Number of protein chains: 2
Amino acid sequence: MDTSGSELSVLSAALKGAGIRMTHQRIEVFSELQASHGHPSVTEIYEGVRKRLPSISPDTVYRTLRLFSELGLIIPHSSTSSVTRFDVNVHEHHHFVCTRCSRIFDFTSSSIDPLEVPREAESFGEVQGVQLEVRGICRDCLRRERTQEE
Amino acid sequence: MDTSGSELSVLSAALKGAGIRMTHQRIEVFSELQASHGHPSVTEIYEGVRKRLPSISPDTVYRTLRLFSELGLIIPHSSTSSVTRFDVNVHEHHHFVCTRCSRIFDFTSSSIDPLEVPREAESFGEVQGVQLEVRGICRDCLRRERTQEE
DNA sequence: GCCCAGATAATAATATTTCTTATCTAGGAT
DNA sequence: ATCCTAGATAAGAAATATTATTATCTGGGC
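Being a predicted model, the structure only gives us computed values, none of them experimental.

Caption draft 1: The protein's contact with DNA strand C, seen in detail. Among the 20 residues in the neighbourhood of DNA strand C, the closest are listed as Tyr-62 of chain A together with Arg-21, Gln-25, Thr-60 and Arg-63 of chain B. Taking all atoms of DNA strand C within 4 Å of the protein, the share assigned to sugar and phosphate is 72%. Within the side chain of Arg-21 of chain A, one N or O atom sits 3.2 Å away from a base oxygen of DNA strand C. Residue Met-22 of chain A places a main-chain N or O atom 3.0 Å away from a phosphate oxygen belonging to DNA strand C. When residues of the surface near DNA strand C are traced back to their parent elements, those giving at least two are α4 (58–70) of chain A together with α2 (24–35) and α4 (58–70) of chain B. With three residues, α4 of chain A is the largest single contributor of residues to the surface near DNA strand C. Of the residues belonging to the surface near DNA strand C, the class tally is five nonpolar, nine polar and six charged.

Structure below.
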């Protein structure tokens, strides 16, 4: 089955809805994402697109992936901020991760703790821990974005 | 209250248990972690320690934090691999993240889906999504480590 | 105190991500 | 169809993060 046409209409709708141009580069990055398996990295997407669009720049791929993330077409895996951060708190807790500023807020929840490991997860290997990861936009970023819109 | 002494005994026990030396650098990095709030980055720890140990190198901080992660003293937040990866699958699913090779495996779970957002998380901002993050060592890494031990 | 495997510092190299600026183009107006 | 321009891109440089190399140093068992 060829779903490339119908998939592209998703891109088209998302871009049009936000009043954003439909460019070659965005189409190619989008197709590359659709064709990818697992959790592609920026470099993987860049190398893939380069086969068809040899002159595309890394910068464009970065910008495009950020745009797609904002449009909800893809989900950046955890901190997009390229710096590794550490949890000094090794006790059970969960994370609220801001998708704008990538800050992480810890919380515990009496309603869900202790969290059990689903059986499906155990097949992948030896489990060390589980936590909930809630993605969202933090209060500070919400306030900042509201202010800028005025 | 001064808990630095008792905290240090945690480090001492962990290192001794693994037959690893207790060095100035490791002690200072450990103290810096204890004194830190939130989710410190490598650079933040490095800058902090440098005030007391001006000659420490970034390399040592990286190595030490990796060591502490392996000992379970801290938990690296998601992929330590410095590359941003993307989820092309925007439907609800969960992650098994390998703490060795940082590969991510997707899964869904009939027993827990749909996952609800705990009320505690909503106070941080506007929620976009939730997923479980299971940390562990994947089958491939387990096999490789077993082989190396022989 | 001596010794040496393990640990570190210094430096260079590599990888990732962002910035700057000149050029180009999608798509609405004409 | 052509023109126009805000938005988008390419190229290159720069900033930042991370890892590798190698010579030197040191913790802790003897």
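Caption draft 2: Seen up close, the environment of Phe-105 of chain A. Secondary-structure assignment places Phe-105 of chain A in strand β4 (residues 104–107). The spatial distance from the C-alpha of Phe-105 of chain A to the C-alpha of His-94 of chain A is 8.2 Å, given a sequence separation of 11 residues. Not counting residues up to four positions away in its chain, the partners in contact with Phe-105 of chain A are His-94, His-95, Phe-96 and Cys-138 of chain A together with Phe-124 of chain B.

Caption draft 3: Quick peek at the relation of the copies chain A and chain B. With an RMSD of 0.1 Å, the fit of chain A onto chain B corresponds to turning through 180° and sliding 0.0 Å along the axis. What the rotation and shift describe, once combined, is the action of a two-fold rotation axis. Proximity to the rotation axis, assessed at the C-alpha, singles out Leu-132 of chain A in chain A; its C-alpha lies 2.3 Å from the axis.

Caption draft 4: Here's a closer look at the pairing of strand β3 (residues 94–98) of chain B. Residues and elements named next belong to chain B. β3 sits mainly inside the fold: five of its five residues count as buried. Here β3 shows a buried face lined by His-94, Phe-96 and Cys-98 and a second buried face lined by His-95 and Val-97. One ladder, built from four bridges, connects β3 with strand β4 (residues 104–107); its direction is antiparallel. For Val-97, the partnering residue across the bridge sits in β4 and is Ile-104. Linkage of β3 to β4, two consecutive antiparallel strands, is achieved through a turn of five residues, within which Ser-102 is found at a positive phi near 60°. Here four bridges tie β3 to strand β5 (residues 125–138), and the two strands are oriented parallel to one another. Residue pairing in the sheet places Cys-98 in a bridge with Gly-136 of β5.

Caption draft 5: Up close: unusual backbone geometry. Here Asp-113 of chain A and Pro-114 of chain A are connected by a cis peptide whose omega angle stands at -5°. Mapped onto the elements of the fold, Pro-114 of chain A is located in the loop between β4 and α5 (119–122).

Caption draft 6: Just the packing of aromatic side chains, in detail. One pass over the full model with this rule turns up 10 aromatic pairs over all chains. Geometrically, the ring pair formed by Phe-124 of chain A and Phe-107 of chain B is tilted, given 6.0 Å between the ring centres and 40° between the ring planes. Here Phe-107 of chain B lies in strand β4 and Phe-124 of chain A lies in the loop between α5 and β5 (125–138), a pairing that spans two chains. Each member of the pair Phe-124 of chain A and Phe-107 of chain B is classed as buried. Taken together through their ring pairs, the aromatic side chains of Phe-96, Phe-105 and Phe-107 of chain A together with Phe-124 of chain B make up a single cluster.

Reading the values: rules and limits
Note that residues are indexed from 1 along each chain, following the sequence as it is written. Think of it this way: whatever chain is written first is A, whatever ligand is written first is 1, and the rest follow in order. Where totals are concerned, whole chains, interfaces and linings use all residues; where local detail is concerned, this predicted model gives features only for residues with pLDDT of at least 70, and gives and counts side-chain atom pairs only at 80 or more. For the side-chain quantities, the full set of heavy atoms in the structure was used; hydrogens and water were omitted. For each residue, the test is whether any non-hydrogen atom lies within 4 Å of the molecule or strand; if one does, the residue is near. By the criterion applied in these results, polar contacts are pairs of N or O atoms within 3.5 Å in which, for protein atoms, one can donate a hydrogen and the other can accept it, and in which residues neighboring in sequence qualify only through two side-chain atoms. Secondary structure elements are defined from DSSP: runs of H or I of at least 4 residues count as helices, runs of E of at least 2 residues count as strands, and each element is numbered from the N terminus. Residues are grouped as follows: Ala, Val, Leu, Ile, Met, Phe, Trp, Tyr, Cys and Pro are nonpolar; Asp, Glu, Lys and Arg are charged; every other residue, Gly included, is polar. It only takes one pair of heavy atoms within 4.5 Å for two residues to be counted as in contact. The superposition of copies rests on a least-squares fit of C-alpha positions from residues with pLDDT of 70 or more in both. Note on classification: 1.4 Å probe, protein chains only; a residue is buried when its accessible area is under 20% of the maximum for its type, exposed when over 50%, partly exposed between these limits. One requirement defines pairing of two strands: DSSP has to find at least two bridges between them. Any Phe, Tyr or Trp ring, taking Trp's six-membered ring, that has another such ring centre within 6.5 Å forms a pair; planes under 30 degrees apart are called stacked, those over 60 apart edge-to-face, and the others tilted.

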